[in-house]
Amino acid sequence: MKTQQTSESARKMEDMLAISPYNQLALSGVGPIKDVKIFDTTLRDGEQAPGIALSQDDKVRIALALDDLGVDIMEVGFAASGETEKETIRKIRDQNLDTQLCSLARSVHSDIDAVIDTGVDYIHTFIATSDLHMKYKLKMTPDEVRARAVDAVEYAEAHGLKVQFSCEDATRSDLAFMTSVYKAVEEAGAVAINVPDTVGVIIPRAMDHLIGALKKEIKIPIAVHCHNDMGLAVANSIAGVEAGATIVHVCMNGIGERTGNAALEEVALNLFANYGVQTVDLSKIGKTSKLVERITGFNMAYNKPIVGRNAFAHESGIHVHGIMNNTATYEPFLPELVGVDRHIVLGKHSGAHSVQGRLDALKVKFPQEHMPELMEMIKNIAIGGKEIDDAELLAIVDNIMYKKGVTKNRVTLDQLTVLTGKDTTSTATVTVTIDGEDHRTIASIGVGPVDAAINAIRKAVNEKISLEEYKLSAITGKSDSICEVTVMVKNVQNDGNLSVGKAVGLDIVETSVDATMMAINRDFAR
Ligand code: KIV
Ligand code: ZN
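Residues numbered from 1 in each chain as written. Chains lettered and ligands numbered in written order. Predicted model: local features only at pLDDT ≥ 70, side-chain atom pairs only at ≥ 80, totals over all residues. Heavy atoms only, no water.

(A) Main features of the nonpolar core. Counting residues in hydrophobic clusters, the biggest one holds 101 residues, and the most contacted among them are Met74, Phe165, Tyr182, Leu264 and Leu282. Each of domain 1 (35-296) and domain 2 (313-403) contributes no fewer than three residues to this core. Non-local contacts of phenylalanine 165, meaning those with residues more than four positions away in its chain, are made with Ser107, Thr125, Phe126, Ile127, Ala149, Val153, Val181, Tyr182, Val185, Ala192, Ile193 and Asn194. Of all hydrophobic cores here, the second largest spans 25 residues; its members include Ala428, Val489, Ala515 and Phe524. (Core = buried A, V, L, I, M, F, W, Y, C linked by side-chain atoms within 4.5 Å. Buried < 20%, exposed > 50% of the residue type's maximum accessible area, 1.4 Å probe, protein only. Domains from an automatic or database assignment. Contact = heavy atoms within 4.5 Å.)

This is how it looks when you write it as structure tokens:
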């Protein structure tokens, strides 16, 4: 459902922007752009992306989310593609959404009948008008093509459908012929025409020229439908709007045939940021994008604008420093504007400043004299490209504090010996000291060296402590890689309390033992 934006909320949203002042200067000659409708085709052109196949339930869930986001028109399928598709369209129709629902159809009666059969009342019908398509695909003359287009629009209109008509491959079609087709379908009753850049070959200046020329001849609203084959889908869509188009075809996350369609989130954000045009509820973009990503299984590139994992991730020392002082230094708009989160990640490019910044934000008092060791640990982990999130930073900090005795452990490990090999039962012997005076040396066996060592520690300290979870991950991916171990222990004497220990190191057995000791000490601390 479309949320009404008050002028107060619009102002607040504008405060979240830090865009270039040159944009407004450049736009001084462009007439005011007031109302732009978002025609979403995620469930039609988007689904046509190789590798995506949506079930009926998938489509309904995406339709509900897009409706909640506030798209104006939703192309929910291609009714003539089969009974299942028709059923899916009906199921979406039965959700009583606010969005105008639409189905695609070729300019043939059987396709239009299929749309009528679904009960939606808006149709997007098309026929190709470029010489290339007419000659090699349709094998029809221009006159036959125009007559077919008019017939389709008249037929659909006579059956009570609102019709948007597309000249497929418009951007490679002869302007005079294409204009004659658009004028003819306007006369036949179409409510809007669409100009598809079917294989993504136009440039923004040319789009401006084309829409400007059509605008002189056509009175009904003009839509643009841009593909991204040469990376210009969004720029061309915006150029189309600047030239007078008032409907933009888009897909969430920019999915679609081949390299996709203009991305909904990018078009909507640009329209707001540079033209003050509000379309969808921008704050719902993050969650809608994630839902579409999850359901389609089409993973976004990390560097995808607005919704990619790195869109608001900062790692290098200089950038993190800037962000901490004023987010506008390295962010063109606040992540909350589009409902996503900022991530300050620690990695190969992080400096001590960034690490200290994260520690301050997490309210961790870490002794400065141990900072070199912390930095060294972070760099070692990050060398393989791994990013360190807040939980991992806390685990590393904890580990160092325990090792350095900043946090006092009641249980200390004085000695560890492990015997293991082929056809040998792994055996571990540990010596632990409890509260500085109670020294215990215990041996235990296990299914491997880690199991034997953990069993020996448990036996030596408290057998009522059980190992509930053990997680090992290699961080750098080689035989000398850094590993990370997380251990969760449960103490049945202590109300079944769970304590977690995490350690990072080079040796799996030693790191597992460190993590176990940390968990046990946390249990003791209680
Ligand atoms: O890209 C295209 O030309 C289309 C048509 C069906 C309009 O998707
Ligand atoms: Zn398309």
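(B) Quick peek at the coordination of the zinc ion (ligand 2). The coordination sphere of the zinc ion (ligand 2), as far as protein atoms go, consists of Asp45 (OD), His225 (NE2) and His227 (NE2), spread over 2.0 to 2.1 Å. On the primary sequence, the residues serving as donors to the zinc ion (ligand 2) are separated as D-x179-H-x1-H. In this pair, aspartate 45 is assigned in helix α3 (residues 42-46) and histidine 227 in the loop between β7 (222-226) and α11 (233-242), connecting sequence segments 182 residues apart. For the pair shown, aspartate 45 and histidine 227 are each scored as buried. (Donors = N, O, S within 2.8 Å, 3.2 Å for Na, K, Ca; no water. Helix = DSSP H or I, 4+ residues; strand = E, 2+ residues; numbered from the N terminus.)

(C) The arrangement of the domain arrangement of the protein chain in detail. The assigned domain composition of the protein chain is domain 1 (35-296), domain 2 (313-403) and domain 3 (411-525). Each of domain 2 and domain 3 has a C-alpha centre, and the two are 29 Å apart. Domain 2 puts 12 residues into the contact, and the matching count from domain 3 is 11 residues. Between domain 2 and domain 3, the buried area comes to about 1,000 Å², and carbon and sulfur atoms account for 64% of it. Area buried by domain 2 at its contact with domain 3 is led by Ile381, Asn399 and Tyr402, which between them contribute 38% of it. The tally of links between domain 2 and domain 3 comes to zero residue pairs in polar contact (both at pLDDT 80 or more). (Buried area = accessible area lost by both parts, 1.4 Å probe. Polar contact = N/O pair within 3.5 Å; in protein donor to acceptor, adjacent residues only side chain to side chain.)

(D) Seen up close, the site of ligand 1. Taken together, Arg44, Asp45, Leu104, His124, Phe126, Ser166, Glu168, Pro196, Thr198, His225 and His227 are the residues near ligand 1. Within the side chain of aspartate 45, one N or O atom sits 3.1 Å away from an oxygen atom of ligand 1. Here histidine 227 contributes a side-chain N or O atom positioned 3.0 Å from an oxygen atom of ligand 1. In isolation ligand 1 has 260 Å² of accessible area, and contact with the protein removes 94% of it. Residue assignment for the shell around ligand 1 shows that the elements contributing at least two residues are α3, β4 (122-128) and β5 (162-168). When its residues are assigned to classes, the shell around ligand 1 shows three nonpolar, five polar and three charged. (Near = heavy atom within 4 Å. Areas by Shrake-Rupley, 256 points an atom, 1.4 Å probe, with all protein chains shown as cover. Nonpolar A, V, L, I, M, F, W, Y, C, P; charged D, E, K, R; others polar.)

(E) Quick look at the side chain of histidine 227. Among the residues examined, histidine 227 registers a relative accessible area of 4% and is labelled buried. Side-chain polar atoms of histidine 227 contact the side chain of aspartate 45, separated by 3.2 Å. When neighbours within four sequence positions are excluded, histidine 227 is seen to be in contact with Asp45, Asp197, Thr198, Val199, Gly200, Ala233, Glu257, Arg258, Gly260 and Asn261.

(F) The arrangement of helix α6 (residues 109-118) in detail. Those residues of α6 that sit buried are Asp111, Ile112, Ala114, Val115 and Thr118. Seen end-on, α6 carries its buried residues on one side only, within an arc spanning 150°. Tucked into the core, α6 has its buried residues touching β2 (73-78), α5 (83-93), β3 (100-106), β4 and α8 (142-158). Within two residues after α6, glycine 119 carries a phi angle of roughly 85°, on the positive side. (Arc of directions from axis to C-beta.)

(G) Local environment of the packing of aromatic side chains. All told, the structure shown has two aromatic pairs when counted by the stated rule. Summarising the aromatic geometry, the rings of phenylalanine 165 and tyrosine 182 are spaced 6.4 Å apart at their centres and angled 80° between planes, so their arrangement reads as edge-to-face. Within this pair, whereas phenylalanine 165 is found in strand β5, its partner tyrosine 182 is found in helix α9 (residues 175-187), the two being separated by 17 residues in sequence. We note that phenylalanine 165, like tyrosine 182, is buried. Between phenylalanine 312 and phenylalanine 333 the ring centres are 5.4 Å apart and the planes differ by 80°, which places this aromatic pair in the edge-to-face class. Within this pair, whereas phenylalanine 312 is found in the loop between α13 (285-296) and β9 (313-314), its partner phenylalanine 333 is found in the loop between α14 (317-325) and β10 (343-344), the two being separated by 21 residues in sequence. According to the relative accessible area criterion, phenylalanine 312 is buried, its value standing at 3%. Over the ring of tyrosine 302 we find arginine 309; its NZ or CZ atom is 3.8 Å from the centre of that ring. (Phe/Tyr/Trp six-rings, centres within 6.5 Å; stacked < 30°, edge-to-face > 60°. Lys NZ or Arg CZ within 6 Å of the ring centre and 35° of its normal.)

(H) The arrangement of the sheet that holds strand β12 (residues 426-434) in detail. With antiparallel pairing, the three strands of this open sheet are ordered in space as β11-β12-β13. Across the chains shown, the open sheet's two edge strands, defined by having one partner strand only, are β11 (411-419) and β13 (438-446). Adjacent strand axes in the sheet meet at a mean angle of 15° when their direction is disregarded. Looking at chain direction, β11 and β12 are connected through eight bridges and run antiparallel. By the bridge assignment, valine 418 is partnered in β12 with alanine 428. (Pairing = 2+ DSSP bridges. Axes fitted to C-alpha atoms, helices over the stretch in contact; angles between N-to-C directions.)

(I) Geometry of the packing of helix α4 (residues 56-69) against α13. Direction vectors running N to C along α4 and α13 enclose 170°, while the axes themselves pass 10 Å from each other. Accordingly, the angle class assigned to the pair α4 and α13 is roughly antiparallel. Two packed elements cross with a definite hand, and for α4 against α13 that hand is left-handed. Every residue of α13 that contacts α4 at Asp58, Arg61, Ile62, Ala65, Leu66, Asp68 and Leu69 is listed here: Ile285, Lys287, Thr288, Leu291, Val292, Arg294, Ile295 and Thr296. A per-class count over the contact of α4 with α13 returns eight nonpolar, two polar and five charged. (Parallel < 35°, antiparallel > 145°, perpendicular 65-115°, else oblique. Left-handed = near helix turned anticlockwise from the far one by under 90°.)

(J) Representation of a nonpolar patch on the surface. Nonpolar side chains collect at one region of the surface, where Leu467, Tyr470, Leu472 and Ile508 lie side by side and expose about 300 Å² of accessible area between them. Sort the elements by how many residues they give to the nonpolar patch and strand β14 (residues 465-474) lands first, with three residues. For tyrosine 470, the location among the structural elements is in strand β14. (Patch = residues over 30% accessible without salt bridge, like charges linked within 9 Å, V, L, I, M, F, W, Y side chains within 5 Å. Salt bridge = Lys/Arg side-chain N within 4 Å of Asp/Glu carboxyl O.)

(K) Geometry of the pattern of salt bridges. Enumeration according to the criterion identifies 26 salt bridges in this entry. As a salt-bridge pair, glutamate 85 and lysine 59 come within 3.4 Å of each other at their nearest N and O atoms. Here lysine 59 lies in helix α4 and glutamate 85 lies in helix α5, a separation of 26 residues in the sequence. The pair glutamate 85 / lysine 59 is uniform in exposure class, with both members buried.

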